[in-house]
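Chain by chain, the residues run as shown.
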Amino acid sequence: MGSSGAERAAERLLLAALCSVCQALQDGMLFPTESPSREVKDVSGLWIFRADESPERSRGFEQQWYKSPLAETGPVIDMPVPSSYNDITQDAQIRDFIGWVWYEKDVWVPARWIQDRGTRIVLRVGSAHYYSVLWVNGVKVTEHVGGHLPFEADISGVLRQTSGNQCRITIAVNNTLTLETLPPGTIQYMTDRSRYPAGYFVQNTNFDFFNYAGIHRPVLLYTTPKAHIDDITVETTFSDNIGLVSFNVSVLGSSKAAVKVTLSAQDGRCVASADGSRGVLKVTDVNLWWPYLMHENPAYLYSMEVQATAEDGQTDVYTLPVGIRTVKVTSTQFLINNKPFYFHGVNKHEDADIRGKGFDWPLVVKDFNLMKWMGANSFRTSHYPYAEEILQMADRHGIVIIDECPGVGIKDIRSFGNVSLAHHLTVMEELVRRDKNHPSVVMWSVANEPASEMPPAGFYFKELVSHTRSLDSSRPVTYITASNYARDLGAPYVDVICVNSYFSWYQDPGHTELIGLQLNTQFDNWYGKYQKPIIQSEYGADAVPGLHSDPPMMFTEEYQKTVLQNYHNVFDQKRKEFVIGELIWNFADFMTSQSIIRVVGNKKGIFTRQRQPKAGAFLLRERYWRIANETAGLSVSRSSFTSKEINR
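Residues numbered from 1 in each chain as written. Predicted model: local features only at pLDDT ≥ 70, side-chain atom pairs only at ≥ 80, totals over all residues. Heavy atoms only, no water.

## Comments concerning the overall build of the protein chain
A count of helices and strands for the protein chain gives 13 helices and 32 strands. Radius of gyration (C-alpha) of the protein chain: 25 Å, near the 26 Å computed for a compact globule of 648 residues. When the backbone C-alpha atoms are referred to their principal axes, the protein chain occupies close to 75 × 70 × 45 Å. Taken over 648 residues, the protein chain has a buried fraction of 59%. Sequence-distant contacts, at least 24 apart, represent 73% of the contacts inside the protein chain between residues at least 6 apart. Element-wise, carbon and sulfur atoms account for 51% of the exposed surface of the protein chain, whose accessible area totals about 25000 Å². Averaged over its 63 positive side-chain charges, the protein chain has a centre that lies 1 Å from the centre of its 71 negative ones. (Helix = DSSP H or I, 4+ residues; strand = E, 2+ residues; numbered from the N terminus. Rg over C-alpha atoms; globule rule 2.2 N^0.38 Å. Buried < 20%, exposed > 50% of the residue type's maximum accessible area, 1.4 Å probe, protein only. Contact = heavy atoms within 4.5 Å. Areas by Shrake-Rupley, 256 points an atom, 1.4 Å probe, with all protein chains shown as cover. Lys, Arg positive; Asp, Glu negative; His and termini not counted. Charge placed at Lys NZ, Arg CZ, Asp CG, Glu CD.)

## Details of helix α10 (residues 515-530)
Its 16 residues give α10 an end-to-end C-alpha distance of 22 Å, which sits within 8% of 22 Å, the value for a rise of 1.5 Å per residue. The set of residues buried in α10 consists of Ile515, Leu519, Asn520, Gln522, Phe523, Trp526, Tyr527 and Tyr530. Burial along α10 is one-sided: seen end-on, the buried residues are contained in an arc of 155°. In this fold, the buried residues of α10 make contact with β29 (477-481), β30 (497-500), β31 (534-538), α11 (557-574) and β32 (579-584). (Expected span 1.5 Å × (residues − 1). Arc of directions from axis to C-beta.)

## Section: the sheet that holds strand β1 (residues 40-42)
The strands making up a sheet associate through hydrogen bonds between their backbones, and the pairing can be parallel or antiparallel. Taken together, the four strands give an open sheet; going across it, the order is β1-β14-β5-β9, and neighbouring strands pair in antiparallel fashion. Because the sheet does not close on itself, it has two edges, and the strands there are β1 and β9 (151-154). Direction aside, the axes of adjacent strands within the sheet are offset by 20° on average. (Pairing = 2+ DSSP bridges. Axes fitted to C-alpha atoms, helices over the stretch in contact; angles between N-to-C directions.)

## Quick look at the confidence of the model for the protein chain
Averaged over all residues, the pLDDT of the protein chain equals 93, while 93% of them reach at least 70. The model gives residues 1-25 a pLDDT under 50, and that stretch makes 49 contacts with residues more than four places away or in other chains. Contacts of residues 642-648 to residues separated by more than four positions or lying in other chains number 11 contacts, the stretch itself having pLDDT below 50. (pLDDT = per-residue confidence, 0-100.)

## What about the pairing of strand β25 (residues 343-347)?
Of all the five residues making up β25, five are buried; the element is thus mostly covered by neighbouring parts of the structure. In terms of strand pairing, β25 meets β32 through four bridges, oriented parallel. Looking across to β32, one finds that Val346 is bridged to Ile584. Judged from the two bridges that link them, β25 and strand β26 (residues 378-380) form a sheet pairing that is parallel. By the bridge assignment for β26, Val346 is matched with Phe379. In terms of handedness, the path from β25 via helix α6 (residues 361-373) over to β26 forms a crossover that is right-handed. (Right-handed = clockwise from strand over helix to strand, strands pointing away.)

## As for the packing of aromatic side chains
A complete count under the given rule lists 40 aromatic pairs for this structure. Centre to centre, the rings of Tyr189 and Phe201 are 5.5 Å apart; their planes meet at 50°, and the pair counts as tilted. Pair noted here: Tyr189 is in strand β11 (residues 185-189) and Phe201 is in strand β12 (residues 201-205), with a separation of 12 residues, a long-range link. Using a relative accessible area of 25% as the deciding quantity, one classes Tyr189 as partly exposed. With a centroid separation of 6.2 Å and 85° between ring planes, the pair formed by Phe368 and Phe379 is classed as edge-to-face. Highlighted residues: Phe368 in helix α6 and Phe379 in strand β26, separated in sequence by 11 residues. The class of Phe368 is buried, set by a relative accessible area of 3%. By relative accessible area, which is 1% here, Phe379 ends up buried. Grouped by ring-pair contacts, the aromatic residues Phe61, Trp65, Tyr66, Trp100, Trp102, Tyr131 and Trp135 constitute a single cluster. (Phe/Tyr/Trp six-rings, centres within 6.5 Å; stacked < 30°, edge-to-face > 60°.)

## Points about the packing of helix α8 (residues 418-435) against helix α9 (residues 457-471)
Close contact between α8 and α9 brings their axes to 10 Å; oriented N to C, the two are set at 25°. With respect to each other, α8 and α9 are oriented roughly parallel. In the crossing of α8 with α9, the sense of the turn from one axis to the other is right-handed. Side by side, α8 and α9 meet where Ser420, Leu421, His424, Leu425, Met428, Glu429 and Val432 of the first sit next to Phe459, Tyr460, Glu463, Leu464, His467, Thr468 and Leu471 of the second. Grouping the constituent residues of the contact of α8 with α9 by class yields eight nonpolar, four polar and two charged. (Parallel < 35°, antiparallel > 145°, perpendicular 65-115°, else oblique. Left-handed = near helix turned anticlockwise from the far one by under 90°. Nonpolar A, V, L, I, M, F, W, Y, C, P; charged D, E, K, R; others polar.)

## Remarks on the sheet that holds β25
Read around the closed barrel, the eight strands follow the order β25-β26-β27-β28-β29-β30-β31-β32; overall the barrel is parallel. Across this sheet, the average inter-strand angle for adjacent strands is 25°, counted without regard to direction. Across the face of the sheet, α9 comes into contact with β28 (441-448) and β29 while running at roughly 155° to β28.

## Remarks on α6
Note on helix geometry: an α-helix contains 3.6 residues per turn, so any two residues three or four positions apart are oriented the same way. Given a rise of 1.5 Å per residue, 13 residues ought to cover 18 Å, and the 18 Å separating the end C-alpha atoms of α6 matches this to within 8%. Residues Leu363, Val364, Asp367, Phe368, Leu370, Met371, Lys372 and Trp373 constitute the buried set of α6. Its side-chain oxygen at 3.1 Å from the backbone nitrogen of Leu363, Asp360 defines the N-terminal cap of α6. Gly375 occupies a position one or two residues after α6 and carries a positive phi of about 80°. (Polar contact = N/O pair within 3.5 Å; in protein donor to acceptor, adjacent residues only side chain to side chain.)

## Comments concerning unusual backbone geometry
Here Val81 and Pro82 are connected by a cis peptide whose omega angle stands at 5°. Looking at the element boundaries, Pro82 is found in the loop between β3 (77-81) and α3 (92-95). Residue Tyr130 follows His129 across a cis peptide bond; omega there is 15°. Considering the arrangement of structural elements, one finds Tyr130 in the loop between β6 (128-129) and β7 (131-136). The phi torsion at His148 lies on the positive side, around 80°, for a residue other than glycine. Summarising the element assignment, His148 is placed in the loop between β8 (139-145) and β9.

## Examining the pairing of strand β21 (residues 315-322)
For a regular strand, side-chain orientation follows a simple rule: the groups alternate between the two sheet faces. In terms of strand pairing, strand β20 (residues 302-309) meets β21 through eight bridges, oriented antiparallel. Residue pairing for β21: Tyr302 is matched across the bridge by Val322. Counting the residues that bridge the hairpin from β20 to β21 gives five residues, and of these Gly313 lies at a positive phi of roughly 90°.

## Quick word on the nonpolar core
If you look at the biggest cluster of nonpolar residues, it comprises 98 residues, and the most contacted ones within it are Phe368, Met374, Phe379, Phe461 and Phe607. A per-element tally of this core places helix α12 (residues 615-632) first, with seven residues. Those residues in contact with Phe368, other than ones at most four positions away along the chain, are Phe379, Ile390, Met393, Ala394, His397 and Ile399. In this structure, Ala272, Val400, Ile535 and Ile580 belong to the second largest nonpolar core, which totals 48 residues. (Core = buried A, V, L, I, M, F, W, Y, C linked by side-chain atoms within 4.5 Å.)

## Comments concerning the packing of α6 against helix α7 (residues 388-397)
At their nearest, the axes of α6 and α7 sit 11 Å apart, and the two run at 35° to each other. The chirality of how α6 crosses α7 is right-handed. Every residue of α7 that contacts α6 at Trp361, Val364, Val365, Phe368 and Lys372 is listed here: Glu389, Ile390, Met393, Ala394 and His397. For the contact of α6 with α7, the residue count by class is seven nonpolar, one polar and two charged.

The structure is reproduced here in structure tokens:
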């Protein structure tokens, strides 16, 4: 519980951090990898944790918990990183906690890192939800607004000012959502003293997934030389058998660094090289990056090694996987490498038992195995950016991604204001900066189901889409709509129409016989008005695993299957015209906030939360493999899908 002072303090910190983030956007955000010039030390694992349960949620700052070991400030508990903190304990107050929580870990920094003043030491957090402040040995080094995206700080100076090699990392994280955050939310104070104690409040949101919080992705220490490669931008195209890789390398710490770029094939052969920070690599007999099930040799990746040598002779080396491919959109088609691509895939969540949204390699690999088993060629990162490691997996396996920012639940007209827009633009800059080089990413999604019929939405989404295009002109831009086609003020600005609809579920529940008429009308209305290709970006029905009924009834596996079949009948007609994809909602059951319409979470998954298939999974598997054979011109079969092929 808390008071209005906590909310005002959070808003002040948010606005201050927004200004500092805007000033820092010129820096790159390359994924930390080891090389002859770089080392990486993972400091994830077991941290200590304390929630600030004071009424104002401000005791930690008032008492400066970051200046001494956290255990000296009061009771602490163990907390795994990465993970959400919500489901780790048996305490319902921790599960539902809103406000500041504090993490701490002591780590040893190699002595050679500190002694070599030509070495730059960086602390990086893969993501923390939602607003974070970071200290090292009691010294504030950075802060960051927003979950789902990485932030980092150069801590070389702090470490060299303190004696010894021990490094105490303290991270304060606040999951409070306001009208200006992304996603937005509101804090509601209950003033009826006959029903609620003084200071009682709840966090309200307009999205249908649990507001998991904590440090969700790995925490890393890594090194670079003082003169280092800060950013790399790659764009690709091809003509006949010639591939072209345009590159732009940013080097910091040296104004006259000599840059050399080498592109190698998977067998290690050098296929192209160039000197200079900008240029074009020409690749003969190019192997293109193709999506899974679209080519007999999908997901081909070259290796681009960048070397930057400073005036003092120190060299930094960074290697980037590169997939050569193109993306184009016409009024009726989505083209990858100039061939029509049909999205037959899933929507997902970063969500699992116990760990919440915490990154977990076994879960990631299992999910990719399941997607490939069912013949899915794509997924949307609903409703926020996923871990970079997941995008790297998609690059390697040929799974196409619609990359979505956390713009979900924008329903209040006050969330279309200038402060919200400025933050939304910043988030898109951070997202594009992080994910721009992934060949699997073929489209940016700037929002999910906003109130796009409200008057400010037209200007808001015009600016947002235009800004995203200015950041990356090589990919189309969309947002996911559930509005009426005639009143959607953002649709004129996007490249692809993505529509969510739940006929016979939220509309006319139980009446599956209406799906065909209503879905045909939906498609014809949207295409008739905008003349743009359409993806059915969400559809589905809840199914409680093991619940059966014949004739089908809502919440049974039979009803989910019947809903899917009725949608598929229309998809098969319209994909001959202008429908370019279908993404089931959802890949797996996931947790939501408690309500009278959710029984321990959302059950629209075709897999359970534990990744076991429902009847709908087998239906989609039959369908997706059939579509793959029809659209790719390949002779592929489900029987040829083996664990060996998964780990190619």
